[in-house]
Amino acid sequence: MEALLSPPGSVRGVTLLDKEMFKKTVPVIGIIASNKIIGNLMKKLKKHILSIRNVKAVREYDSDKRIILLDPTQYASVDSAKSIFVDTDELSQNVEFITYELELGYDNWSAEEVLKSVLPTDIPAVTGFSVVGHVAHLNLKETHAPYKSVIGEVLLDKHMNLQSVVNKTDNIDNTYRNFAMELVAGKDDMDVTVKENGCTFQFDFSKVYWNSRLGTEHERIISSITPDTVLYDVFAGVGPFAVPAAKKLATVYCNDLNPHSYKFLSRNLIANKVKGEYKSYNMDGRQFIKDIVKPSIISHLGDNKPLVVVMNLPALAIEFLDTFVGLLQDVDLSTITRCPINVHCYCFSNVADKDYEQDVAQRISKVLNLKTEHILPKHCRRVRNVAPNKEMLCAEFPLMWDIMMCKETDDEPTRSKKPKIDQP
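Since the model is a prediction, treat every value here as computed from it, not as a measurement.

For the chain, the count of helices and strands is eleven helices and 17 strands. Along the three orthogonal principal directions, the C-alpha set of the chain runs to about 95 × 45 × 45 Å. Evaluated residue by residue, the chain yields a buried proportion of 50% over its 424 residues. Within the chain, counting contacts between residues at least 6 apart in sequence, those at least 24 apart form 68% of the total. Averaging the positions of the 52 positive and the 55 negative side-chain charges in the chain gives two centres separated by 3 Å.

Below, the structure written as structure tokens:
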């Protein structure tokens with residue numbers, strides 16, 4: 001049965017947006033009263049008044065009277081509305097009850113309400129999407145395909161800040177961390193501007209990776225950065241860690257293999273007028289660690305500055321940790337004070353038993369050739385739920401100098417095979 005204040009049932013299953021189809025007339029009970037008593041009457045009727053988007057529940061009736069519209073789901077008839085007043089209530093002697101024909105239409109419902117009424121009942125509702133600048137990013141299922149046009153048009157109509165709606169059509173590209181997308185509504189303009197953590201980021205959303213849902217996570221890491229910090233951002237993207245860190249006067253070495261990400265990373269560092277020392281690179285992640293991170297670590301030996309490594313490539317970052325094994329084996333550190341190196345390694349886990357922290361701890365320990373107890377589940381923090389039975393986590397641990405100083409031998413456990421991406 002069609003809900004009284006919901007869109008008409010005739011819109012169910014439409015694939016093109018026709019706003020005229022949403023018009024309907026709803027009988028509601030109205031209470032007419034003089035302007036003199038309307039204030040006191042409103043106090044009494046506070047819990048009973050109609051509440052619906054873009055509808056004035058109190059409106060002029062004639063020159064000295066107003067009408068108050070009641071919630072029809074509470075009061076369907078005049079007799080039921082009269083029950084609000086007791087016989088001795090003076091207000092009831094000065095009001096008139098009528099049935100009022102209320103006209104509703106497309107503008108009276110939210111995007112979520114409109115889409116819920118349009119999509120067939122056996123198709124999942126469209127309840128959320130990411131906003132990147134002026135672009136809404138959807139991740140629709142195959143069953144949504146016939147309705148993607150109307151979905152896009154409704155989102156543009158109901159969210160004034162949006163100019164484009166895109167739908168992800170494939171998984172993130174393994175090489176450059178961007179994904180294939182299709183325009184379902186609005187302008188074909190993916191050059192966006194995003195503000196986060198006091199910085200402004202500009203980039204082409206179709207060519208780089210950006211996830212607005214990670215804003216809090218970015219802030220969490222940045223809050224721990226001080227002017228003395230030396231940050232190595234191995235998979236920097238367009239700079240959500242690197243730019244605000246440099247703005248806090250930290251020394252920043254940032255890198256991304258994607259040439260488009262590197263271009264916007266460099267631009268964002270300049271545009272935000274950061275005052276910290278920084279250098280940006282367009283390199284393979286392993287080569288960045290060997291050619292840039294290694295000599296920098298050596299140059300900071302003895303100065304006791306906190307060194308921080310961020311590896312935000314959740315699908316593969318753990319595999320890159322093997323680059324640190326034996327990284328400093330040719331350096332004599334016997335007489336030098338060793339500064340702490342803290343790693344933030346992002347990763348996914350989808351183990352069946354949902355013991356995600358244990359899974360990540362074991363995988364990292366294997367890559368670093370460590371005993372499991374050196375990397376504990378308590379070092380692994382859940383960041384967000386990505387999908388059913390799939391979590392994004394951040395493993396946070398001090399990188400032991402013994403790992404970087406060890407010499408590889410034939411007796412050592414086999415190190416993880418290098419993944420196909422980010423190869424020189």
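There's more to say after this.
Take the pairing of strand 1 (residues 24-34) next. The buried fraction of strand 1 amounts to eight of the eleven residues, a majority that puts the element mostly inside the structure. As paired strands, strand 1 and strand 4 (residues 95-104) are joined by ten bridges and run antiparallel to one another. Each residue of the ladder has a partner; that of Ile 31, found in strand 4, is Phe 97. Relative to strand 3 (residues 65-69), strand 1 is paired through five bridges, and the arrangement is antiparallel. Looking at strand 3, one finds that Ile 32 is bridged to Ile 67.

To continue, consider unusual backbone geometry. A positive phi angle, near 60°, is found at Asn 304, a position not held by glycine. Tracing the backbone shows Asn 304 in the loop between helix 8 (285-299) and strand 14 (307-311). You can call Asn 304 exposed: its relative accessible area is 54%. Not every positive phi belongs to a glycine, and Asn 389 is a case in point at roughly 65°. Mapped onto the elements of the fold, Asn 389 is located in the loop between strand 16 (380-387) and strand 17 (390-398).

Spatially, the four strands line up as an open sheet ordered 2-3-1-4, and their pairing is antiparallel. Of all strands in the sheet, those bounded by a partner on one side alone are strand 2 (58-62) and strand 4. The mean inter-strand angle of the sheet, taken between neighbouring strand axes irrespective of direction, is 40°.

Between its terminal C-alpha atoms helix 10 (residues 356-367) stretches 17 Å, which fits the 16 Å expected from twelve residues at 1.5 Å a residue. Three or more residues of helix 10 are buried, namely Tyr 356, Glu 357, Asp 359, Val 360, Ala 361, Ile 364, Ser 365 and Val 367. If you follow the buried residues of helix 10, they end up packed against helix 9 (317-320), strand 15 (341-349), strand 16 and strand 17. Within two residues after helix 10, Asn 369 carries a phi angle of roughly 60°, on the positive side.

Topologically, Val 367 is positioned in helix 10. Between the C-alpha atoms of Val 367 and Phe 324, which are 43 residues apart in sequence, the distance is 9.9 Å.

Within the structure shown, the criterion is met by eleven salt bridges. Note that Glu 182 and Lys 148 form a salt bridge whose closest N and O atoms lie 3.0 Å from each other. With Glu 182 in strand 8 (residues 179-186) and Lys 148 in helix 4 (residues 148-158), this pair connects stretches of sequence that are 34 residues apart. Here Lys 148 falls in the partly exposed class, since its relative accessible area comes to 28%. Close ionic contact of Asp 330 with Lys 294 constitutes a salt bridge, the shortest N to O distance being 3.1 Å. You can see Asp 330 sitting in the loop between helix 9 and strand 15 and its partner Lys 294 sitting in helix 8, a full 36 residues away along the chain. Assessed through its relative accessible area of 18%, Lys 294 is described here as buried. Shared partners join several salt bridges into a network, and the residues in it are Glu 217, Arg 220, Arg 381 and Glu 396.

It is worth spelling out the state of the cysteines at this point. All told, the structure shown has zero disulfides when counted by the stated rule. For Cys 394, which is in no disulfide, the shortest distance to another cysteine sulfur is to Cys 345 and amounts to 7.5 Å. No disulfide involves Cys 406; its nearest neighbouring cysteine sulfur is the one of Cys 345, lying 18 Å away.

Reading the values: the criteria
Residues numbered from 1 in each chain as written. Predicted model: local features only at pLDDT ≥ 70, side-chain atom pairs only at ≥ 80, totals over all residues. Heavy atoms only, no water. Helix = DSSP H or I, 4+ residues; strand = E, 2+ residues; numbered from the N terminus. Buried < 20%, exposed > 50% of the residue type's maximum accessible area, 1.4 Å probe, protein only. Contact = heavy atoms within 4.5 Å. Lys, Arg positive; Asp, Glu negative; His and termini not counted. Charge placed at Lys NZ, Arg CZ, Asp CG, Glu CD. Pairing = 2+ DSSP bridges. Axes fitted to C-alpha atoms, helices over the stretch in contact; angles between N-to-C directions. Expected span 1.5 Å × (residues − 1). Salt bridge = Lys/Arg side-chain N within 4 Å of Asp/Glu carboxyl O. Disulfide = S-S within 2.5 Å.

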